[in-house]
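Structure at a glance
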Amino acid sequence: MQTVEQTCGGPVRSATPAAHGPHCCACGQALAQPVTIDRLTGLFDRWGWTDTAEPLFAEARARGDDLALLMLDLDRFKQINDVLGHLAGDDALRAVGTALATHTRREDVVGRYGGDEFLLLLPGAGLPVAHRIATRAMAALTAATVRVDTISGTTTTLTGLTASAGLAVFDPGHDTALSRFILRADAALRDAKQRGRGRLRVIGSRPPRPPAEEGKRRLRLLPGVDTVSAFRFTDA
């Protein structure tokens with residue numbers, strides 16, 4: 001997972017997990033947290049993620065490399081905040097950050113995009129690799145146990161946390177800009193939420209079928225993967 005470290009001469013891209021904290025690459029001393037890092041989760045913040053993802057997207061588009069984008073949303077986040085308190089919500093977000101940091105590769109760009117939404121740019125990843133990263137991270141989150149202090153003055157343990165996720169695989173015909181790539185992943189995420197949460201939906205690049213063919217068959221990319229076609233969704 002890519003993050004940013006600093007030296008006395010300025011920022012240097014690094015693959016060291018952000019949770020370890022920024023430090024000087026020359027002398028090893030701890031430095032102030034850079035503005036590109038979300039201090040709650042240790043991941044990139046929205047702007048740090050965008051600044052890092054933009055050149056990687058442009059490079060993949062120019063070279064025709066594989067690229068995937070995962071947008072993930074913590075399920076029932078508002079309920080955690082309302083019932084247990086906002087500090088418990090913070091602990092849940094940290095659990096998401098830990099799951100994503102642990103189950104991504106060194107080259108992946110992982111960030112908290114806002115609220116309870118996270119974005120992962122996966123360079124060199126086609127659908128099989130991206131699906132594996134997504135499902136492992138989602139499974140790790142569900143397996144996590146999170147001790148939280150509640151607004152009622154008690155301590156409890158959160159278990160069985162789930163996330164919904166939308167996955168888009170780069171298609172040069174659709175993804176002419178990073179923002180359009182994000183829109184496709186966001187559409188798949190919305191569909192996952194509407195279908196009951198706790199699931200991964202994949203958005204395809206094929207044009208929608210004529211109405212007479214819609215519902216008769218669907219593209220099966222991988223066993224157990226929910227598949228959508230362009231911005232029309234099909235049943236799992």
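About the thresholds
Residues numbered from 1 in each chain as written. Predicted model: local features only at pLDDT ≥ 70, side-chain atom pairs only at ≥ 80, totals over all residues. Heavy atoms only, no water. Buried < 20%, exposed > 50% of the residue type's maximum accessible area, 1.4 Å probe, protein only. Helix = DSSP H or I, 4+ residues; strand = E, 2+ residues; numbered from the N terminus. Arc of directions from axis to C-beta. Salt bridge = Lys/Arg side-chain N within 4 Å of Asp/Glu carboxyl O. Contact = heavy atoms within 4.5 Å. Expected span 1.5 Å × (residues − 1). Bend = angle between axes of the 7 residues up to and from the residue. Axes fitted to C-alpha atoms, helices over the stretch in contact; angles between N-to-C directions. Nonpolar A, V, L, I, M, F, W, Y, C, P; charged D, E, K, R; others polar. Parallel < 35°, antiparallel > 145°, perpendicular 65-115°, else oblique. Left-handed = near helix turned anticlockwise from the far one by under 90°. pLDDT = per-residue confidence, 0-100. Core = buried A, V, L, I, M, F, W, Y, C linked by side-chain atoms within 4.5 Å.

**Here we look at helix α2 (residues 77–84)**
Of the positions making up α2, those classed as buried are Phe77, Ile80, Asn81 and Leu84. The buried residues of α2 occupy an angular sector of 105° when the element is viewed end-on, so they sit on one face. In α2, the exposed positions that point more than 90 degrees away from the buried face belong to Lys78 and Val83. Count one or two residues on from α2 and you reach Gly85, which has phi positive near 115°.

**Observations concerning the pattern of salt bridges**
Evaluated as defined, the whole model comprises twelve salt bridges. Residues Glu59 and Arg63 are paired through a salt bridge, measuring 3.1 Å at the closest nitrogen-oxygen approach. In this pair, Glu59 and Arg63 are both assigned in helix α1 (residues 46–63), four residues apart and thus about one turn of the helix distant. Its relative accessible area of 38% is what places Glu59 among the partly exposed residues.

**Some words on the side chain of Asp75**
Within the secondary structure layout, Asp75 lies in the loop between β3 (67–74) and α2. With near-sequence residues (within four places) excluded, Asp75 lies in contact with Thr162, Ala163, Ser164, Lys193, Arg197 and Gly198.

**Focus on α1**
Residues three or four positions apart in an α-helix share a direction because the helix packs 3.6 residues into each turn. Relative to the 26 Å expected for 18 residues at 1.5 Å per residue, α1 spans 26 Å between its end C-alpha atoms, a close match to the ideal helical length. Helix geometry: α1 is bent most strongly at Ala53, by close to 25°, with proline Pro55 lying one to four residues after it. Within the span of α1, buried status applies to Gly48, Trp49, Thr50, Thr52, Ala53, Leu56, Phe57 and Ala60. A positive backbone phi angle near 75° is found at Gly64, which sits one or two residues after α1.

**Quick look at the environment of Glu54**
As for its position among the elements, Glu54 is in helix α1. On the basis of relative accessible area, Glu54 is assigned to the partly exposed category, the value being 38%.

**Examining the packing of α2 against helix α3 (residues 86–102)**
Remark: α2 packs on α3, axes separated minimally by 6 Å, with the N-to-C direction vectors making an angle of 145°. From α2, Phe77, Ile80, Asn81 and Leu84 reach across to α3, where they touch His86, Ala88, Gly89, Ala92 and Leu93. Of the residues that constitute the contact of α2 with α3, the class distribution is six nonpolar, three polar and no charged.

**Side note on the packing of α3 against helix α4 (residues 127–143)**
Between α3 and α4, the least distance of the axes is 8 Å, while the angle of their chain directions is 140°. As summarised for this structure, α3 and α4 are arranged oblique, according to the angle between their axes. Where α3 crosses over α4, the two elements pack in a sense that is right-handed. Of α4, the residues touching α3 (which contributes Ala95, Val96, Ala99 and Leu100) are Ala137, Ala140 and Leu141. Of the residues belonging to the contact of α3 with α4, the class tally is seven nonpolar, no polar and no charged.

**A closer look at the confidence of the model for the chain**
When pLDDT is averaged along the chain, the result is 81, and 72% of the positions lie at 70 or above. In this model, residues 5–21 is a region of pLDDT below 50 whose contacts with residues beyond four sequence positions or in other chains number 41 contacts.

**Digging into the nonpolar core**
Leu72, Leu100, Leu141 and Leu167 are the most contacted members of the largest nonpolar core, which has 38 residues in total. Of all the secondary-structure elements, those providing two or more residues to this core are β3, α2, α3, β5 (117–123), α4, β6 (145–149), β8 (163–169) and β9 (200–203). Not counting residues up to four positions away in its chain, the partners in contact with Leu72 are Val96, Leu100, Asp116, Glu117, Phe118, Met138, Ala163, Ser164 and Ala165. Core analysis: the second largest hydrophobic core is formed by 24 residues, Leu67, Val109, Leu178 and Phe181 among them.

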